[in-house]
Amino acid sequence: VEWAGEVADLGCGTGRTGAWLAARGVSAIDGVDVTPEMLAAARERGVFRSLLDTDVAATGLEGGAYDLVTSSLVDEHLADVGPMYREAARLLRDGGAFVHVGFHPHVVMTSGMPTHYDGTDGEPVAIETHVHHLSEQVAAGLGAGLALAEMHERIIDDAWIAVKPQWERYRGHPISFVLVWRKP
C-alpha cells in the first residue's frame, strides 16, 4: 500500500483498517462512519487525518482525491450496495483502487450473524444485516464504472477453526470475500 498517498475508509468503524494501513506507512487516511461510538474508538487510534459522521454513500469528501478507497464489513448493513460503489468511484483518482471486503453472502444466510456492539449503556446493540450476492456486488461495481481487477473468497478452514472453534460446523463454507476494483 506504499503507493496509496490518500485513502478514504468507508465505514471505518473502530479504525481497524486505518490502523493496518498506518502501520504500513499510509499517513493520509480519512474515515467515515455513521456510528458515533465506532468513530470515538477510531479517533482513539490516532491514525486518521479526519473522521466524519456521515453515510458511506454520500461522504462529502472531495471527489477524485483518493488513490485508495477501502470498505470492510460494511455492505451487509446497507439495503443497497449501489450507492456505496458510486461514492467509491467518485472519490477515486483515475487509476485508483477500491478494495471492498465483506462477509460472504453464504455465511450471512446460514449463520444469520448480525453485527453488534455495546451501546453507551453497556447493552448490546444489533445492526440490521442484509444479504448481497456476489453478482449484486459485481453489477454495482460495473454500474459505477469500475473495472474488477481481483476477486477472492475465504473459506472456514483449519486456521479459522483454531481461532474460532465454535465455527467447526461451518468448516468448508465461505466466510468472506475481497473485491479489488480499479477506476479506469
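Given the structure is predicted, the values throughout are model-derived calculations rather than measurements. (Residues numbered from 1 in each chain as written. Predicted model: local features only at pLDDT ≥ 70, side-chain atom pairs only at ≥ 80, totals over all residues. Heavy atoms only, no water.)

(A) How the structure looks around the sheet that holds strand β9 (residues 174-182). Here seven strands make up an open sheet; going across it, the order is β3-β2-β1-β4-β5-β9-β8 and the pairing mixed. The open sheet has two free edges, formed respectively by β3 (50-53) and β8 (147-155), since each of these has just one partner strand. Between one strand axis and the next, the sheet turns by 15 degrees as a mean value, whatever way the strands run. Bridging between strand β4 (residues 66-72) and strand β5 (residues 92-103) involves six bridges; their strand directions are parallel. The residue bridging Ser72 from the neighbouring strand is Val101, located in β5. Contacts from helix α2 (residues 36-45) reach β2 (28-33) and β3, with the element oriented near 175 degrees to β3. Along the sheet, helix α5 (residues 134-143) makes contact with β5, β8 and β9, crossing β9 at roughly 15 degrees. (Pairing = 2+ DSSP bridges. Helix = DSSP H or I, 4+ residues; strand = E, 2+ residues; numbered from the N terminus. Axes fitted to C-alpha atoms, helices over the stretch in contact; angles between N-to-C directions. Contact = heavy atoms within 4.5 Å.)

(B) Spotlight on the environment of Ser135. With respect to the element layout, Ser135 can be found in helix α5. For the pair Ser135 and His173, spaced 38 residues apart in sequence, the C-alpha separation works out to 18 Å.

(C) Looking closely at the pairing of β2. Of all six residues in β2, six are buried, a share of seventy percent or more. Residues of β2 alternate between two faces, with Ala28, Asp30 and Val32 on one and Ile29, Gly31 and Asp33 on the opposite face, all of them buried. As paired strands, strand β1 (residues 6-10) and β2 are joined by five bridges and run parallel to one another. Note that in β2 the partner of Asp9 across the bridge is Gly31. Handedness of the β-α-β unit built from β1, helix α1 (residues 16-23) and β2 comes out right-handed. Examined bridge by bridge, β2 and β3 share four bridges and lie parallel to one another. Bridging across to β3, Gly31 finds its partner in Leu51. Remark: the β2/α2/β3 crossover connection has right-handed handedness. (Buried < 20%, exposed > 50% of the residue type's maximum accessible area, 1.4 Å probe, protein only. Right-handed = clockwise from strand over helix to strand, strands pointing away.)

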